[in-house]
Amino acid sequence: MIRSIGLGEYAVGRDVQEDWAIYGLGSCVGLILCEPTTRVLAMAHVVLPVSPSPDPEQPARYGDTVVPFLLEEMKKLGAVTEHVMAQLAGGARMFEISGVAGDIGRRNVESVRSSLARHGVPVTAEEVGGASGRTLRWHAKTRLAVVSRFGAPDVILTPDRCRVGGSWTDGRVVKNSTEPR
Amino acid sequence: MQAGEALSGLFERKFKIAEIALSHRTPAELPEILGDAAEPVCASFYQIRGEIPGFLLLIMPIDEVNAFLKPLLGDHVTEEAMADSAFGEVGNVVGSAFLNYLADYYRTYAAPTPPQVFRDMVGALMGSLAAVFVAEGQEQVPVVRTVFTQESEKLSALLLWIPYALSLSELRK
Amino acid sequence: MARILVVDDAAFMRMRLKTVLGEQGWEVLEASNGVEAIQMYEQHKPDLVMMDITMPEMDGLTALRAIREKDPNAKVVMCSALGQESTVIEAIKSGAKDFIVKPFQPERVVDTVKKQLG
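It should be emphasised that the depicted structure is a prediction, and the values quoted were computed from it without experimental measurement.

Regarding the pairing of strand S6 (residues 85-90) of chain A
Residue and element names in this part refer to chain A.
Then, number 1: Of all six residues that make up S6, six are buried, and the element is covered over most of its length.
Then, number 2: Two strands pair when backbone bridges link them, and strand S4 (residues 29-35) and S6 are joined in this way by six bridges, in the antiparallel orientation. Residue pairing across strands places Leu33 opposite Ala86, the latter belonging to S6.
Then, number 3: Where S6 meets strand S7 (residues 123-128), five bridges bridge the pair, whose relative direction is parallel. Within the sheet, the bridge partner assigned to Gly90 lies in S7 and is Val128.

What follows is the structure, given as structure tokens:
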């Protein structure tokens, strides 16, 4: 069973038993927040950097509202916000479109990063930028977040601290990075 | 001569619109417009300049592209840059045929930009386009899906016309 | 030996026209946008230009006007998918000798060139 998280949607859970996935992240950003001590997980599909209003109908859609919103939802499930860690994927530059102010992908990444920084949430891994689409999938069985791209090897985002039951076993590339690429 | 054989077909016979369907989608529905958002496709993308702003996309599943382009390119089909150029040109010809029809019917002007050709997941492309509409405050996106024929044979590539809602309502006046 | 300048941003289309025209024994030069077209025209003074319209850097109608301004005798034939009424009229008004709408039969191209070189 795979739960697909569409544009502007989110999911929050504790001891999540099903896979969560965001298929085809272009300029959008897939954000994962994990809290290992209480095993609370949140995932959101961010579309734009800035919300048009302070209290939007879909807070997960915007880089500047998604983080406080998800943290609140995670707290309701018992998460300790000081232990929350973030992983990011997406924010690619797909089309060159004139008239659209700047590069949505890059601005999404920047908006989410600065919001995370404001809330004291470290980014433990990210696979962002470039010009390719990505799929972000969280596998419940191995508790690993994996980024896949068409024609490129998979990348694992989940830091060791968040993993349960050992490492990824089928020989794919493993990356744990605290540096933006 | 091989190049001579390659010249027949797609670039010589006129296109006709076989099917045309308009639907309204929310931005969140765009990534799955052709089914699976993770499906890899070859897509040629155009912005529309002139009086009917919006976008055009020619899309086909990536594993059909070589067969589609082989009659045009012969052995050159394995050169990705040349294949992308040919695919972009097919989209230009088909997309312009569509825009010519609209422009002449509504007595206006609409032209595509040069092509941007992608080989990637359809969801990543459509999701990025959806973001543009969300940024414009548009929560309903008109999508016109057109199937073309050439001498009764359907083109396996699909043309999507995604105008700004304002363009469509202006035309209808 | 007539020289024809083929201007199109699609490498595929340049290859195709080069084949069609080359088979007739004409020499073919290439440019991939309007800016290159103007440079190539000035440098080589071809007998005829086949000009696409939709191109990056500078479109074909702008290049047409620039070439005709410098050389009022320049022979330019538009070769474009953009066959809308307004576009064809503008091209002819700007001095194009003919307008071939894509998709085209190779014979149409050959006949048009022969007529212009005639």
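Quick notes on the pattern of salt bridges
Then, number 1: One pass over the structure, following the stated rule, counts 22 salt bridges over all chains.
Then, number 2: Here Glu19(B) makes a salt bridge to Lys154(B), at a shortest N to O gap of 2.7 Å. Residue Glu19(B) is located in strand S1 (residues 16-25), and its partner Lys154(B) is located in strand S7 (residues 153-154); the two are separated by 135 residues in the primary sequence.
Then, number 3: Residues Asp8(C) and Lys102(C) are paired through a salt bridge, measuring 2.9 Å at the closest nitrogen-oxygen approach.

Regarding the packing of aromatic side chains
Then, number 1: With the rule as written, the count across this model stands at 12 aromatic pairs over all chains.
Then, number 2: Seen in terms of ring centroids, Tyr10(A) and Phe69(A) are 4.8 Å apart; in terms of plane orientation they differ by 90°. Their pairing is edge-to-face. Of this pair, Tyr10(A) sits in strand S2 (residues 10-14) while Phe69(A) is found in helix H1 (residues 66-76), placing the two residues 59 residues apart along the sequence.
Then, number 3: According to the relative accessible area criterion, Tyr10(A) is partly exposed, its value standing at 31%.
Then, number 4: Considering the side-chain rings of Phe95(A) and Phe118(B), the 5.2 Å spacing of their centres and the 90° angle between planes classify their relative orientation as edge-to-face. Taken together, the positions of Phe95(A) in the loop between S6 and helix H2 (104-118) and Phe118(B) in strand S5 (residues 116-121) put the pair across two chains.

The rules we used
- Residues numbered from 1 in each chain as written.
- Chains lettered and ligands numbered in written order.
- Predicted model: local features only at pLDDT ≥ 70, side-chain atom pairs only at ≥ 80, totals over all residues.
- Heavy atoms only, no water.
- Buried < 20%, exposed > 50% of the residue type's maximum accessible area, 1.4 Å probe, protein only.
- Helix = DSSP H or I, 4+ residues; strand = E, 2+ residues; numbered from the N terminus.
- Pairing = 2+ DSSP bridges.
- Salt bridge = Lys/Arg side-chain N within 4 Å of Asp/Glu carboxyl O.
- Phe/Tyr/Trp six-rings, centres within 6.5 Å; stacked < 30°, edge-to-face > 60°.

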